[in-house]
Amino acid sequence: MEKTCTEVWKSCLQIIKDNIPGQSFKTWFEPISALKLDGNVLTIQVPSLFFYEWLEEHYVGLLRKTVKKQLGEEGRLEYNIVVDKSSKSPYTTNMPSNGNGAEAKFQSMPIPVSINKDIRNPFIIPGLKKLTVDPQLNPNYTFDNYIEGDCNRLARSAGYAVAAKPGGTSFNPLMIYGGVGLGKTHLAQAIGNEIKRNLPDKLVIYVSCEKFCQQFVDSLKNNTINDFVNFYQAMDVIIMDDVHNFAGKEKTQDIFFHIFNHLHQSGKQVILSSDKAPKDLAGLEERLLSRFKWGLSADLQIPDLETRIAILRKKMYADGIELPNEVVEYVAHNIDNNVRELEGAMVSLLAHSTLNKKDIDLNLAKQMLKNFIKNTSKEISMEYIQKLVCEYFEVPVDMVKSPTRKREIVQARQISMYLSKSHTKSSLKTIGAFFGGRDHSTVIYACQTVEDLIDTDKNFKGYVHDIQKKLKMT
């Protein structure tokens, strides 16, 4: 029985997932769907041209080997790239494969442009050549001080592409979404600052959704609604923060709907931020939500350990200070909710050190950060041990519980079991069940293996020692 395209692609994904970090898999491969299988040619659909270029640049070797493993030496991969979903009559154009054995089809769906040329912009005063606008951007929010990691790579890369060519990419609108304190506002404003630096004549405006709503209410009261609409329609780039706050405001949604349409049809750039993905936003009109989905939606995840350490070191460098490595690692390990809390903890440490003229050591850090760290006194859990070990060895957490026998995964699993036995009150049966439903004999074997390697392998002993040291910081 011949396999379907979905089955072949599913088999490919299982191999790919074992060979790249979990966050990278989620970012670059979960959005892909299989379209068809024609002989030995598998066609997959990717969300944008940016996805295609990224896959060709970073994963083409892995994709080629994986497809050939599933379809034989003659196996080939074709991409179908969706750019815009606003037209019912798409057309496809073959794209070069960069000699990597993959062909791409570019699926473009142009939007009919209809602009009212009779609109009068009241902000353009006779005698002045052009409208000047304060972009309302924070100059401290730049790409230079926005640390990149797996948690934000897609959003940052897309933002940089938009900044280089506002309105000229398929990322229009660009929707950046994620939880509180993960850097949505920083990234959105970094795009605006980069545009103003490279293209100073562009009219860029940053506005929070709440402020936009208030301005709309004021314009209704003052009978200046036309001025309000025309002002925003005159912009080249609009950066709208926290669009989830449109929920329930039907008239404001309606006016933004028309402003959005005008800007998009005029080739102007719209950048949005939200605490949820467009599909999860409640209280917004479907026609507005559908437009939010036209471009690229990129999420920001909680930063991993290495990214958190890099953020702290960047702030230390900017403030011209130095802290012991153990203090930096302690803060990064224990404050993992968001970047805002991470930086707030660092500010508190610095303030205490300055005001009391004390050097910051680990004991002082533990004492000062009790208000930030919720798990200071709680018992270490198997889940935390697993997370710590996986971060140390840079392996996906979910793989440790899987049946895979890859060496690095087995090593992380055995060390996690060994530390769980040493640092928790859990029984061998409980530990085995937690790590993928294994029995107590597997845990005994894992602990014995780790102890033997500690005695015979200097590097392995160092790994375990480093992780135990981090556990003691908890």
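Notes on the structure follow. No experiment lies behind these values; they were computed from the predicted model shown.

### Thoughts on unusual backbone geometry
Backbone phi values are negative for most residues with the exception of glycine, while trans is the configuration of most peptide bonds.
Piece 1. Cis geometry marks the peptide bond from Asn-172 to Pro-173; its omega dihedral reads 5°.
Piece 2. If you trace the backbone, Pro-173 turns up in the loop between helix H5 (153–164) and strand S6 (174–178).
Piece 3. You will see that Gln-136, though not glycine, has its phi angle at about 60°, which is positive.
Piece 4. Tracing the sequence through the fold places Gln-136 in the loop between strand S5 (102–108) and H5.
Piece 5. A residue is classified by how much of its surface remains accessible, and Gln-136, at 37% relative accessible area, is partly exposed.
Piece 6. Even without being glycine, Asn-223 reaches a positive phi, approximately 55°.

### Looking at the nonpolar core
Piece 1. With 51 residues, the main nonpolar core has Trp-9, Phe-29, Leu-55, Leu-63, Tyr-79 and Ile-191 as its most contacted residues.
Piece 2. In terms of residues, this core owes the most to one element, helix H1 (residues 5–17), which gives 6 residues.
Piece 3. The residues touching Leu-63, leaving out its near neighbours within four places in the chain, are Trp-9, Ile-16, Phe-29, Leu-55, Leu-77 and Tyr-79.
Piece 4. Among the nonpolar cores identified, the runner-up in size contains 35 residues, and Phe-228, Phe-257, Leu-284 and Leu-289 belong to it.

### What to know about the pattern of salt bridges
Charged atoms that come close allow side chains of opposite charge to pair.
Piece 1. Applying the stated criterion to the full structure yields 12 salt bridges.
Piece 2. The salt bridge involving Arg-308 is made with Glu-391; its shortest N-O contact spans 3.9 Å. In this pair, Arg-308 is assigned in helix H11 (residues 305–319) and Glu-391 in helix H15 (residues 382–393), connecting sequence segments 83 residues apart.
Piece 3. We classify Arg-308 as buried; its relative accessible area is 2%.
Piece 4. When the shortest N-O distance is used, the salt bridge between Glu-391 and Lys-387 registers 3.3 Å. Here the residue Glu-391 and the residue Lys-387 both occupy positions in helix H15, the gap between them amounting to 4 residues, near one helical turn.
Piece 5. Under the relative-accessibility criterion, Glu-391 is labelled buried at 13%.
Piece 6. Since its relative accessible area comes to 26%, Lys-387 is described here as partly exposed.

### Brief notes about the packing of aromatic side chains
Piece 1. The full count for this structure, using the stated rule, is 18 aromatic pairs.
Piece 2. Relative to Trp-294, the ring of Phe-260 has its centre 6.0 Å away and its plane inclined at 50°; by these criteria the two rings are tilted. Taken together, the residues span a long stretch of sequence, with Phe-260 in helix H9 (residues 250–265) and Trp-294 in the loop between helix H10 (286–292) and strand S10 (296–300) at a distance of 34 residues.
Piece 3. Owing to a relative accessible area of 1%, Phe-260 belongs among the buried residues under this scheme.

### Some details on the sheet that holds strand S8 (residues 237–241)
Piece 1. The sheet built from 5 strands is open, its strands ordered S7-S8-S9-S6-S10 with parallel pairing. Each edge of the sheet is formed by a strand with only one pairing partner; in this case those strands are strand S7 (204–208) and S10. Going across the sheet, the axis of each strand differs from the next one's by a mean of 15°, ignoring polarity.
Piece 2. Bridge count for S7 against S8 is 5 bridges, and the pairing is parallel. Residue pairing across strands places Val-207 opposite Met-240, the latter belonging to S8.
Piece 3. Seen against the sheet, helix H7 (residues 209–221) touches S7 and S8 and runs at an angle of roughly 90° to S7.

### Quick look at helix H17 (residues 407–423)
Piece 1. Here H17 is 17 residues long and its end C-alpha atoms lie 24 Å apart, about the 24 Å a rise of 1.5 Å per residue gives.
Piece 2. Counting buried residues in H17 gives 12 out of 17 residues, a clear majority hidden from the surface.
Piece 3. Taken together, the buried positions of H17 are occupied by Ile-409, Val-410, Gln-411, Ala-412, Arg-413, Gln-414, Ile-415, Ser-416, Met-417, Tyr-418, Leu-419 and Ser-420.

### Concerning the packing of H7 against H9
Piece 1. As a packed pair, H7 and H9 sit with axes 10 Å apart at the nearest point and diverge in direction by 100°. For the element pair H7 / H9, the angle class is roughly perpendicular. Along the contact surface, H7 presents Phe-212, Cys-213 and Phe-216, while H9 presents Lys-251, Thr-252, Ile-255, Phe-256 and Ile-259.
Piece 2. Classifying every residue of the contact of H7 with H9 gives 6 nonpolar, 1 polar and 1 charged.

### Structural notes on the pairing of strand S1 (residues 33–38)
Piece 1. Where S1 meets strand S2 (residues 41–46), 5 bridges bridge the pair, whose relative direction is antiparallel. When the bridges of S2 are listed, Ala-34 appears paired with Ile-44.
Piece 2. Where S1 folds back onto S2 in an antiparallel hairpin, the turn is made up of 2 residues, including Gly-39, whose phi is positive at roughly 70°.

### Quick look at the environment of Val-389
Piece 1. Considering the arrangement of structural elements, one finds Val-389 in helix H15.
Piece 2. Val-389 sits in the buried class, given a relative accessible area of 0%.
Piece 3. Spatially, the C-alpha atom of Val-389 lies 9.9 Å from that of Lys-470, the residues being 81 residues apart in sequence.
Piece 4. Beyond its immediate sequence surroundings of up to four residues, Val-389 is in contact with Ala-412, Ile-415, Ser-416, Leu-419 and Ile-467.

### Description of the pairing of S8
Piece 1. Of all 5 residues in S8, 5 are buried; the element is thus mostly enclosed.
Piece 2. Relative to strand S9 (residues 269–274), S8 is paired through 4 bridges, and the arrangement is parallel. Bridge pairing in S9 links Met-240 to Leu-272.
Piece 3. Handedness of the crossover joining S8 and S9 through H9 is recorded here as right-handed.

### Overview of the environment of Ser-416
Piece 1. If you trace the backbone, Ser-416 turns up in helix H17.
Piece 2. Placed 30 residues apart in sequence, Ser-416 and Ala-446 show a C-alpha to C-alpha distance of 9.1 Å.
Piece 3. Filtering out sequence-adjacent residues up to four positions away, Ser-416 remains in contact with Ile-385, Gln-386, Val-389 and Phe-435.

### Thoughts on the side chain of Gln-189
Piece 1. Take Gln-189: it is sitting in helix H6 (residues 184–198).
Piece 2. Aside from chain neighbours lying at most four places away, what touches Gln-189 is Gln-136, Leu-137, Asn-138, Tyr-141 and Tyr-206.

Rules used throughout
- Residues numbered from 1 in each chain as written.
- Predicted model: local features only at pLDDT ≥ 70, side-chain atom pairs only at ≥ 80, totals over all residues.
- Heavy atoms only, no water.
- Helix = DSSP H or I, 4+ residues; strand = E, 2+ residues; numbered from the N terminus.
- Buried < 20%, exposed > 50% of the residue type's maximum accessible area, 1.4 Å probe, protein only.
- Core = buried A, V, L, I, M, F, W, Y, C linked by side-chain atoms within 4.5 Å.
- Contact = heavy atoms within 4.5 Å.
- Salt bridge = Lys/Arg side-chain N within 4 Å of Asp/Glu carboxyl O.
- Phe/Tyr/Trp six-rings, centres within 6.5 Å; stacked < 30°, edge-to-face > 60°.
- Pairing = 2+ DSSP bridges.
- Axes fitted to C-alpha atoms, helices over the stretch in contact; angles between N-to-C directions.
- Expected span 1.5 Å × (residues − 1).
- Parallel < 35°, antiparallel > 145°, perpendicular 65-115°, else oblique.
- Nonpolar A, V, L, I, M, F, W, Y, C, P; charged D, E, K, R; others polar.
- Right-handed = clockwise from strand over helix to strand, strands pointing away.

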